[in-house]
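Observations on the model geometry
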Amino acid sequence: MTDRSSLVADDAGRSEGDSQGDVFDLVGIGFGPSNLALAIAVEEHNTDNPSSAIRARFFERRSAFAWHPGMLLEGATMQIAFPKDLVTFRNPASSYSFFSYLHDRGRLVDFVNHQTFFPTRHEFQDYLQWAATRVDADVRYGTEVVSVETVRNHNGVADLFAVRTADGAIVYAHSVVVGVGLRARLPRWATESARCFHNHHFLFHIEDMPEPQNQRFVVVGAGQSAAEVVQYLHTHYPQAEVHNVFNRFGYSPADDSPYANRIFDPQVVDELHAAPLSERERLLALHRSTNYSVVSPELIEALYATEYRERVSGRRRLFMRRASEVVSAIESEAGVTVEIRDNLEGDTETLECDAVVLATGFEPTPLAPLLGDLAPEAPVLSVARDYRLPLPENVTADVYLQGGTEKTHGLTASLLSNAAIRAGEILTSIVERRELRLPGAGGGIDELGRISDHHTYATSEAR
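We now turn to the structure provided with this report.

Quick notes on the rules
Residues numbered from 1 in each chain as written. Predicted model: local features only at pLDDT ≥ 70, side-chain atom pairs only at ≥ 80, totals over all residues. Heavy atoms only, no water. Salt bridge = Lys/Arg side-chain N within 4 Å of Asp/Glu carboxyl O. Buried < 20%, exposed > 50% of the residue type's maximum accessible area, 1.4 Å probe, protein only. Helix = DSSP H or I, 4+ residues; strand = E, 2+ residues; numbered from the N terminus. Core = buried A, V, L, I, M, F, W, Y, C linked by side-chain atoms within 4.5 Å. Contact = heavy atoms within 4.5 Å. Arc of directions from axis to C-beta. Phe/Tyr/Trp six-rings, centres within 6.5 Å; stacked < 30°, edge-to-face > 60°. Pairing = 2+ DSSP bridges. Axes fitted to C-alpha atoms, helices over the stretch in contact; angles between N-to-C directions.

1. Topic: the pattern of salt bridges
- Per the counting criterion, the structure on display carries 23 salt bridges.
- In this structure, Asp138 and Arg140 form a salt bridge, with 2.7 Å as the shortest nitrogen-oxygen distance.
- Residue Asp138 is classed as partly exposed on the basis of its relative accessible area, which comes to 24%.
- Residues Asp398 and Arg437 are paired through a salt bridge, measuring 2.9 Å at the closest nitrogen-oxygen approach. Taken together, the positions of Asp398 in strand β18 (residues 398-401) and Arg437 in helix α12 (residues 419-437) put the pair 39 residues apart, joining distant regions of the chain.
- Connected through salt bridges with shared partners, the residues Arg57, Asp138 and Arg140 form a single ionic network.

2. Considering the nonpolar core
- Core analysis: the largest hydrophobic core is formed by 43 residues, its most contacted members being Leu26, Phe31, Leu36, Leu38 and Leu86.
- Elements supplying a minimum of two residues to this core: α1 (33-48), β3 (56-60), α2 (98-105), α4 (121-134) and α12.
- In terms of residue count, α1 provides more of this core than any other element does, seven residues in total.
- Filtering out sequence-adjacent residues up to four positions away, Leu26 remains in contact with Leu38, Val42, Ile54, Arg55, Ala56, Arg57, Phe58, Ala173, Ser175, Val177 and Ile430.

3. Some thoughts on α2
- Those residues of α2 that fall on the buried side of the exposure criterion are Phe98, Tyr101 and Leu102. Buried residues of α2, viewed axially, fall in a sector of 100°; they line one side.
- Those residues of α2 that are buried are in contact with α3 (108-114) and α4.
- After α2 finishes, the residue Gly106 shows a positive phi value of roughly 75°.

4. Looking at the packing of aromatic side chains
- Considering all chains together, one arrives at 21 aromatic pairs under this definition.
- Ring plane angle 90° and centroid distance 5.3 Å describe the contact between Phe82 and Phe111, whose orientation is recorded as edge-to-face. Taken together, the positions of Phe82 in the loop between β3 and α2 and Phe111 in helix α3 put the pair 29 residues apart, joining distant regions of the chain. Side by side, Phe82 and Phe111 carry an identical accessibility label, which is buried.
- Joined through ring pairs, the aromatic side chains of Trp67, Phe82, Tyr96, Phe98, Phe99, Tyr101, Phe111, Phe117, Phe124, Tyr127 and Trp130 make up one cluster.

5. A look at the sheet that holds strand β11 (residues 241-245)
- Spatially, the five strands line up as an open sheet ordered β9-β16-β10-β11-β12, and their pairing is parallel. Since the sheet does not close on itself, it has two edges, and those belong to β9 (196-198) and β12 (318-321), each with one partner. The sheet shows a mean angle of 20° between the axes of neighbouring strands, taken without regard to direction.
- Bridge count between β9 and strand β16 (residues 355-358): three bridges; the pairing is parallel.

Take a look at the structure:
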């Protein structure tokens, strides 16, 4: 916390380094797809409303925009339809749509002839980079934010945040939008190394991995990423065995049927947020098969066909270690010694491997290192409908969460499928709450506890 009384104040009661010109309406922490969608929404708002432009700055610790570069396996396709891009559900006329990207790249007709709703990840990554290059946004790449601290005025109210970066710089903002993404979830027995690594960085590690000596790989996990890595290793290392270890009996197919997919509809966020926690948890558990630890039926069929052909030929390279778990993985110069327990039989087997790939999922990045005492306990169970984090009464500056709100807002909390709508709703809230801060504004800032029935930037039928 910073007390303005400890600073050299000017006539307006703010410090010289805290003048209005140095205060942003919003500072975005992280510049992945979610805050990129927000930056586009800000640009479009400022174009349409120049007299009430939003002043924003974004910080990204990477040196350039990137989206899961270590997972861009050749031929891997998106799991969501391309209209769920950065803008279309919020503003179908936006020049930042996936269709606009295709037109700009000269592939619109070819893509339509392809007759698919699911582009490859390579193409979608190119779309995101295209949008990040075009957007009129103040983005500071190669800059890590290390803390967000309250700044109190002469009444003791924290109406600003001081956002500190690793290089010692400080900027001030009325609103902070946290879009730091997810972090890899690692098993207790795993120690990351050149031979034991999370699939999030798969392509980088495979490229740098020592030359295989054992001609054997272990992949841990039973989701889409695990199955894709299994297929990749089996294809690119034709002399090697690939052992997929998972605690279930086999892959579960992803449910992308139309009715099940309604769990991702924008208006469902309203229904889930208003529902009791017990009902939200019940529905999210019932529909986990739309997103978590599931595999596309086409990939399941391809891997099963491969395994069956090997059984017929007698030369086995693909092994599905069902109802099993890795007990330990000990690395040496020659590779990794992996102990696998079959939980059905109770037996253990030791394999000498060249690498262990951990396709073990992700978890929300902890907020405490960034927000300090303002951070909620995990999992986050209380977030306003407009994605604002509840803060003490004497803090009127706002923290918005782009991710980590699954318990309150549903399965779309960390997915691309609702990025456009969420960006619009956050921007709407920031604009409206800024109006309430203006001198002479009627009512109080705490009156804005939900998304307005009629607004310009959010189009999710929010009530």
